[in-house]
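# A structural walkthrough
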Amino acid sequence: MPMQLLESRTARVLGTITDAQFEMLAGELEEESVEDKDYYIDSDTVDMLAKDGIDPGLVAVLRTALAG
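The rules we used
- Residues numbered from 1 in each chain as written.
- Predicted model: local features only at pLDDT ≥ 70, side-chain atom pairs only at ≥ 80, totals over all residues.
- Heavy atoms only, no water.
- Helix = DSSP H or I, 4+ residues; strand = E, 2+ residues; numbered from the N terminus.
- pLDDT = per-residue confidence, 0-100.
- Buried < 20%, exposed > 50% of the residue type's maximum accessible area, 1.4 Å probe, protein only.
- Polar contact = N/O pair within 3.5 Å; in protein donor to acceptor, adjacent residues only side chain to side chain.

## Description of unusual backbone geometry
Excluding glycine, residues mostly carry a negative phi; peptide bonds, for their part, are mostly trans. Backbone geometry places Ala11, a non-glycine residue, at a positive phi of 65°. In this structure, Ala11 sits in the loop between strand 1 (3-6) and strand 2 (13-17).

Dropping the structure here:
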């Protein structure tokens, strides 16, 4: 089931990813608590994810979101 990535301050839709892509992303990023579902992503983070071999479609969505 597709899910939308949102910018937390404005609720602007940044892109759409699959549940599997979200699970990959959540597994790679640091959470402050078990309830935490907000992630800070910058270009260095996306570069790290790409280097780690994360799904290329997810990397493309994140790069597009950062460009906008």
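Having seen the model, we can carry on.
## Describing the confidence of the model for the chain
Looking at the chain as a whole, its pLDDT mean stands at 88, while 97% of the residues score no less than 70. Summarising per-element confidence for the chain, the mean pLDDT is lowest in helix 1 (residues 19-28) (89) and highest in helix 2 (residues 43-51) (95).

## Topic: the environment of Asp42
Mapped onto the elements, Asp42 comes out in the loop between helix 1 and helix 2. Taking relative accessible area as the criterion, Asp42 reaches 24% and is therefore assigned partly exposed. In this structure the C-alpha to C-alpha distance between Asp42 and Gln4, which are 38 residues apart in sequence, comes to 18 Å. A distance of 3.3 Å separates the side chain of Asp42 from the backbone nitrogen of Asp44, its partner in a polar contact.

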